[in-house]
Amino acid sequence: MKITLNVNDKTSIVEVDDPQMPLLYALRNDLGLHGPRFGCGLGQCGACTVLIDGNAVRSCLLPVGSVGDAKVTTLEGLGSSTHPHPLQKAFIEEQAVQCGYCINGMIMQAKALLDTNQHPSDDEIKRALAGNLCRCGTHVRIVRAVKRATQML
Amino acid sequence: MLISTLPRREFLKAAGSLIVTFSFAGLLPRAASAADAAKTVALDQVDGFLSIGADGAVTVYSGKVDLGTGVRTALTQIVADELDVPLDTVSVVQGDTSVTPDQGPTYGSLSIQIGGMQIRQAAATARAALVSEAAKRLSVAEDQLATRDGAVVAKGAVDRIAYGEIVGGKSFELKVDAKAPAKDPANYRVVGQSVARLDIPAKVTGEFTYMQDFVLPGMLHARVVRPAAMRADLLSYDDSAAQHITGFVRTVRQGNFLAVVAKTEWAAIKASGALKTEWSKWDGLPEENQLWAYVRATKINHSDVLQTVGNTAEAAQAAPRKLSATYDFAIHTHGSIGPSCAVAQWQDGKLTCWTASQATHLLRKQLALMFGVPLEDVRCIYIDGSGCYGRNGHEDAAADAALIAKAMGGPVRVQWMRADEHGWDPKGPPTLIDYRAAIDASGNVIAWESEVFIPDAPKTIQVALVAAELAGQPTDASHPGNIQQALAIPYTFPNIKATAHRLAETPFRPSWIRTPGRMQNTFGNETFMDELARAVGADPIDFRVRHLNDPRGVELLQRLATLANWQPRPARSPGTGAIVSGRGVAFVKYELVRTYVGAVADVEVDRKTGRIRATRFAIAHDCGQIINPDGLRNQIEGNVIQTVSRTLIEDLKFDRSTVTSLDWASYPILSFPDVPDVVIELIDRPREKPWGAGEPTAAVVPAAISNAVFDAIGVRLRSVPFVPEKVLAGMNTA
C-alpha cells in the first residue's frame, strides 16, 4: 500500500507492506534519511527521535500508517553541514559529539524544547533530555551546546 | 629512496581516483577497488601507511580506527604536521584489511601511543625522502631545504617542488626508518591544537554514514533468533506463520544458529517474532545472588604473581595491626546505543564483510577459521559504528551476516535488536579482589597483598564468535583481555605481593570493556589505599605522595590538590544531616608505565534513601604530548561520566538460563539529571611520548566515589555498583 507522508516540508509517497511498520524504517530505508537511528525499538533511548507537528516523538514506535498528514521533521530537515541549523552549529562549536549515534535524538529533543522555552536553564535542559541516552558520556558538552544554541536563535 | 626511477605501479596511477569522496573526503565508506589488492599492508613500509597523489592529496592507511574518540582527526593532525601539508589535503582510510596494515585491535588506549607513532614515523621517513629527492632535482644541499604546505622549498629562495610532482601517483618503495628525524615539537603547527573534529558536521546533520546506514544493491535483511537459554539446543522450529509475512524470504538454520531473512527490515523483524521455536532446557548459570560465592569456588587453573617486593608474609607476621578487605565488581555490558550491525557478501568463494569491528584484521582471521577458507579470501572493511567501548557485538554481527550470506548467495545485512545487544554481547567478567595489609607500631604500612580472581586467558586475545559457537563452526576460546593489568601498585611499601588467580570458568563469554581489569583493580587498590590512609590518620593525598618515588606522579597529585581546592582531610566524623557531602581522591599510573591520572570526586549521599549523587569531578591528567587538547578533554569527560554510570548503577541481571537485563529499563545507565560537572587540568608535555587517554581516567572514578562516600557517611563501599541498598546496609552495620 502507498502512504503519503509530509517529511521535511516535502510530500513523499512510500510503498509499505504493513501500515504498522514504525515510521523509523520508512524514513531510513524508503526515504534514505539516516538522521533518525535505530537504538532500541522500545522508545527507551531516543536515538530515533523526530518531530511530529513540532513534538519530539520516538519514530521507532510510531506506526507509519498513523502519521497521516502531520508534519514530520528529521535531523536533515533542520539543516545541512553547509547550512546548519543553530542547534547543529552549536553542537559543532561545542564539539558535542563522540560516536554521535545518539546525537540525532539530542538535537531533535532540544529543538522541541527550544521551540517552547527559548531560554531554558541547565536543569531544564537536563530534564528535557532525561529520556535521551548517551553512552559515550558527552552529556556536559550536549548541555553546553543547547545553551549555546539559545544565544543563536 | 623514492620511486621516481622505478616503474609505476598500476594501482597508484589512479591513486587520486580510488577514493570515493562523496561530500566528505574519507568519511564515507570507501569503494573497494580491484587495484587495492596490489597495495602493500606491510608495517615496515612507508607505502603501508601513506600515499601521495599527483594533486598532493595525502591518504593515510590506518589499522587503528576511530570508534568515536576522535582518532581520525588526531591522526590527520599528526600526518599533516609531520609531512608539512595542509590539514584538508589529508584523508584517512581505516581498518580495511586489504589496504591498511595490521596495527592490532583498536583497544588499550594505544591508537595514538602505538598506532599514531607508527604512522608518524612513516611520515617522517617520507618527508626525509621527499627532501632528499628534491635536493637532487634542485641541485641544492638537503640542509638548504625545508618543507612547507605540501612542498619542498629552498631556504631563502623561490625554488619549490610540490610533493605531488615528486611522488604523486607513485609508491615510495621505502622501509619505515626508525631513525628518520621526526619534527621538533617546537615547530608543530597543528599537533597540540584543538583542531575541530572532521566527522562532527556530518554527524550532526544526518550526512554521516554509520555501519547501520550502509547498503548494497540487492541486499537482504536478516534477524537472528537466539536460544531461550544460553546453551540450549534447538529442538525444532516452525516458520509457517512467518511465511505469511509479505517480504519473508526464508529461515536459515545451522545447528543452534537460527535466523530469518526478508526483503525488508520490518518483515525480518516481524518474521523473527513469528517464528515458533522449541529449545532444550539449560540452567548452567550460577544463582545471581550467589555470584561471589560461585567465583570464589571456581577452580583456579593457575596463579600468577604480578608484583613482588620484599616478603609480605614475613613482614606481616609480627605486625601489630592488620587490615583485610574484599572487593567485588559487577558484570557489565558494553551498552552501545546502536545495536551491532554488519553486512556480508560472498562472491566466488570469497567473503567481504563491512563491519564496525575495532579489530578488522583479527576478525578476518576469526572468519577465515570459522569458514575454513584461506585468510586472503576474507576482507573486512571498517565503517564507523555506534561506540563500542571494547569488544561488543560488532564482530558477532559480522559472523552472523557471513553465515547467513553464505546460505543466501547475495549480500545480507544483520542488525541486532536491543535484546541481542544486551543479552548476547560478551561481558566484562565478575571480578573479586582480596586485600591484606600490615601496619607497624609507628603507623607505617609494611606489607600489602592483593589477590584477584579473574577468568583464565588462552593464548590469543579474542572473543569467540557467537555464530560459530551456535552453528558448530570452529572458533577459538574467549580471552578476557589483559585484565590482570594495574593490580600492581606504584607505591613504595617495603613488602608487596600482587597475585592473579586465573579461573577455569566464568558465567558469560568474557570480553574487554573500557579500562578492562584496570578499572576493577584500581577500584580495589585505590579504595584500600584510602582505608590505609584512614587507618594511620593520614590525609589521603599526602599519604599517596609520601609513598610515591615518582616526581611526575607527585606533581600530578599536587596539581590535582590545587585544582580541587583540596583541604587536608584526615579521618573525620561521619555527617549526620539528611544529605551529606564528601570528597574522595584516587590516583593511577596506568599499568605502571604510562598515563597518570588523579581524580577528586565530590558526592552527596541521601542518608534516608541511600542514593549517591556524584556532583563534580576534578581530574588532573598527564598523557605526555597532547595531540588535540579538546579531543582529549572530550575523552576524559566521557570516561568520567560513563564510569560514574557503571559505578553507581550498572549490574547485569540473569537467571540460571540467560541474561535478563535485555533493555534500558532492566539495565539502566546514567541520564542527564545525574551527570556530574567535570573540571580538568591537562598537563601537556610536548617533548614526551604521547600516551593513551581512552581509558586511564575511567580507572580512578570508582575509588574516588567510594572514598568520597566514606568521607561523607563513614560507610566503606567495596562492591560495585554502589546501589542504594548497599549504602543503607552499610549505614545499618556501621
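Calculation rules
Residues numbered from 1 in each chain as written. Chains lettered and ligands numbered in written order. Predicted model: local features only at pLDDT ≥ 70, side-chain atom pairs only at ≥ 80, totals over all residues. Helix = DSSP H or I, 4+ residues; strand = E, 2+ residues; numbered from the N terminus. Rg over C-alpha atoms; globule rule 2.2 N^0.38 Å. Buried ≥ 20, exposed ≤ 12 C-beta atoms within 10 Å, placed from the backbone. Contact = placed C-beta atoms within 7 Å. Nonpolar A, V, L, I, M, F, W, Y, C, P; charged D, E, K, R; others polar. Domains from an automatic or database assignment. Expected span 1.5 Å × (residues − 1). Pairing = 2+ DSSP bridges. Axes fitted to C-alpha atoms, helices over the stretch in contact; angles between N-to-C directions. pLDDT = per-residue confidence, 0-100. Core = buried A, V, L, I, M, F, W, Y, C linked by C-beta atoms within 7 Å. Parallel < 35°, antiparallel > 145°, perpendicular 65-115°, else oblique. Left-handed = near helix turned anticlockwise from the far one by under 90°.

J.: I'd like a rundown of the overall build of chain A, residues and numbers included.
T.: Scanning chain A for helices and strands turns up 6 helices and 5 strands. Each helix and strand of chain A, placed in order from N terminus to C terminus, yields the pattern β-β-α-β-β-β-α-α-α-α-α. Taken over C-alpha atoms, the radius of gyration comes to 15 Å for chain A, in line with the 15 Å a tight globule of 153 residues would show. If one aligns the C-alpha atoms of chain A with their principal axes, the spans along those axes are about 45 × 30 × 25 Å. Within the span of chain A, comprising 153 residues, buried residues form 55% of the whole. In chain A, of all internal contacts separated by at least 6 residues, the share reaching a separation of at least 24 is 58%.

J.: Outline the overall build of chain B, supporting the account with residue identities and numerical values.
T.: Secondary structure assignment for chain B yields 20 helices and 25 strands. Since a compact globule built from 734 residues should have a radius of gyration of about 27 Å, the 27 Å found for chain B is in line with a globular shape. Principal-axis analysis of the C-alpha atoms gives chain B an extent of 80 × 80 × 45 Å. Counting all 734 residues of chain B, 57% fall into the buried class. Looking at chain B alone, contacts between residues at least 24 apart form 79% of all its contacts between residues at least 6 apart.

J.: Lay out the interface of chain A and chain B with the relevant residues and their values.
T.: Counting from both sides, the interface comprises 49 residues of chain A and, opposite them, 50 residues of chain B. Mapped by element, the contributors of at least two residues to the side of chain A that touches chain B are helix H1 (23-30), helix H2 (75-78), helix H3 (86-93), helix H4 (103-116), helix H5 (122-128) and helix H6 (139-152) of chain A. Of the residues contributing to the side of chain A that touches chain B, the split by class is 23 nonpolar, 18 polar and 8 charged.

J.: Summarise the environment of B:Arg413; cite the residues concerned and give the values.
T.: Inspection of the secondary structure puts B:Arg413 in strand E17 (residues 412-415). Filtering out sequence-adjacent residues up to four positions away, B:Arg413 remains in contact with B:Met219, B:His221, B:Ala222, B:Val343 and B:Ala401.

J.: Residues and numbers for the domain arrangement of chain B, please.
T.: Residues and elements named next belong to chain B. According to the domain assignment, chain B contains domain 1 (3-196), domain 2 (212-281 + 334-424) and domain 3 (431-733). Taking the mean C-alpha position of each, domain 1 and domain 3 sit 39 Å from one another. Taken together, the contacts link 17 residues of domain 1 with 19 residues of domain 3. Listing elements by their share of the side of domain 1 that touches domain 3, those giving two or more residues are helix H4 (71-83) and helix H5 (111-138). By residue number, the principal contributor to the side of domain 1 that touches domain 3 is H4, which donates 4 residues. For the side of domain 1 that touches domain 3, the class distribution of residues is 8 nonpolar, 9 polar and no charged.

J.: Would you mind going over H6(A) in detail, with residue names and values included?
T.: Taking 1.5 Å of rise per residue, the 14 residues of H6(A) would be expected to cover 20 Å, and the 20 Å separating its terminal C-alpha atoms lies within 8% of that figure. Among the residues of H6(A), A:His139, A:Val140, A:Arg141, A:Ile142, A:Val143, A:Ala145, A:Val146 and A:Ala149 are the ones counted as buried.

J.: Got a sec to walk through the domain arrangement of chain A? Specific residues and values, please.
T.: All names here are of chain A. One can read the domain layout of chain A as domain 1 (2-75) and domain 2 (86-152). The interface is formed by 14 residues belonging to domain 1 together with 13 residues belonging to domain 2. Elements represented by at least two residues in the side of domain 1 that touches domain 2 include exactly strand E3 (49-52) and strand E4 (55-58). Of the residues forming the side of domain 1 that touches domain 2, the biggest block, 3 residues, is contributed by E3. Among the residues forming the side of domain 1 that touches domain 2, the class breakdown is 8 nonpolar, 5 polar and 1 charged.

J.: If you had to explain the environment of B:Leu648 to someone new, which residues and values would you point to?
T.: Residue and element names in this part refer to chain B. Checked against the element boundaries, leucine 648 lands in helix H18 (residues 629-648). Classification of leucine 648 as buried rests on a count of 23 C-beta atoms within 10 Å. Distance from leucine 648 to glycine 393, taken between C-alpha atoms, is 24 Å for residues 255 residues apart in sequence. Setting aside chain neighbours within four positions, we find leucine 648 in contact with Ile612, Ala614, Pro721 and Phe722.

J.: Give me unusual backbone geometry: which residues, what numbers.
T.: Residues other than glycine predominantly adopt negative phi, and peptide bonds predominantly adopt the trans conformation. Of note, the bond from B:Val720 into B:Pro721 is cis; its omega dihedral lies within 30 degrees of zero at 5°. The topology assignment puts B:Pro721 in the loop between strand E25 (719-720) and helix H20 (724-733). At A:Asp9, a residue that is not glycine, the phi angle is positive and equals roughly 65°. Within the secondary structure layout, A:Asp9 lies in the loop between strand E1 (2-7) and strand E2 (10-15). Judged by the 9 C-beta atoms lying within 10 Å of it, A:Asp9 is exposed.

J.: An account of the sheet that holds strand E5 (residues 71-73) of chain A is requested, with residue identities and associated values reported.
T.: All names here are of chain A. Overall, mixed pairing links the 5 strands, which are arranged E2-E1-E5-E3-E4 in an open sheet. Strands with a single pairing partner mark the edges of an open sheet, and in this sheet they are E2 and E4. With strand direction ignored, the average angle separating the axes of adjacent strands in the sheet is 45°. In the sheet, E1 pairs with E5 via 2 bridges, with the strands oriented parallel. Bridging from a neighbouring strand, asparagine 6 pairs with lysine 71 of E5. With respect to the sheet, H4 is in contact with E3 and E4, its orientation differing from that of E3 by roughly 30°.

J.: Give me the environment of B:Gln121: which residues, what numbers.
T.: Residue and element names in this part refer to chain B. Mapped onto the secondary structure, glutamine 121 falls in helix H5. The class for glutamine 121 is partly exposed, based on 19 C-beta atoms found within 10 Å. When near neighbours in sequence (up to four residues on either side) are disregarded, glutamine 121 contacts Val176, Ala178 and Ala180.

J.: Help me get a handle on the confidence of the model for chain B, residues and values and all.
T.: Residues and elements named next belong to chain B. Summary statistics for chain B give a mean pLDDT of 94 and a share of 95% for residues scoring 70 or more. Below a pLDDT of 50 lies the segment residues 1-26, which in the model reaches 55 contacts outside its immediate sequence neighbourhood of four places, other chains included. Across the predicted assembly, pTM comes out at 0.95 and ipTM at 0.99.

J.: Account for the nonpolar core, with residues named and values stated.
T.: The biggest cluster of nonpolar side chains holds 266 residues, and the ones touching the most others in it are B:Val60, B:Ala342, B:Ala401, B:Ala599, B:Ala704 and B:Val709. If one sorts the elements of this core by residue count, helix H19 (residues 696-713) of chain B sits on top with 12 residues.

J.: Any chance you could break down the packing of H18(B) against H19(B) for me, citing the residues and the numbers?
T.: Residue and element names in this part refer to chain B. As a packed pair, H18 and H19 sit with axes 8 Å apart at the nearest point and diverge in direction by 45°. Between H18 and H19, the interaxial angle falls into the category oblique. Crossing hand, H18 versus H19: right-handed. Residues Ile636, Asn639, Val640, Gln642, Thr643, Val644 and Thr647 of H18 lie in contact with H19, whose contacting residues are Thr697, Ala698, Val701, Pro702 and Ile705. Residue classes in the contact of H18 with H19 are distributed as 7 nonpolar, 5 polar and no charged.

J.: An account of the pairing of strand E5 (residues 151-154) of chain B is requested, with residue identities and associated values reported.
T.: Residue and element names in this part refer to chain B. In this sheet, E5 lies alongside strand E4 (residues 145-148) in antiparallel orientation, the contact comprising 4 bridges. Its bridge partner being in E5, leucine 145 is matched across the sheet by alanine 154. Connecting E4 to the antiparallel partner E5 that follows it, the hairpin turn spans 2 residues, and aspartate 149 within it adopts a positive phi of roughly 50°. With 3 bridges joining them, E5 and strand E6 (residues 160-162) adopt antiparallel strand pairing. When the bridges of E6 are listed, valine 153 appears paired with arginine 160. Taking the residues between adjacent antiparallel strands as the criterion, E5 and E6 are bridged by 5 residues, where glycine 156 takes a positive phi near 70°.

J.: Describe the sheet that holds strand E21 (residues 579-589) of chain B, and please don't skip the residues or the numbers.
T.: Residues and elements named next belong to chain B. Read from one edge of the open sheet, 4 strands run E21-E22-E23-E24, paired in mixed fashion. Each having just a single partner strand, E21 and strand E24 (677-682) make up the two edges of the open sheet. Across this sheet, the average inter-strand angle for adjacent strands is 15°, counted without regard to direction. One ladder, built from 11 bridges, connects E21 with strand E22 (residues 596-606); its direction is antiparallel. The partner of phenylalanine 587 across the bridge, within E22, is glycine 598. Of the strands in this sheet, strand E23 (612-622) and E24 are in contact with H18, which crosses E23 at around 145°.

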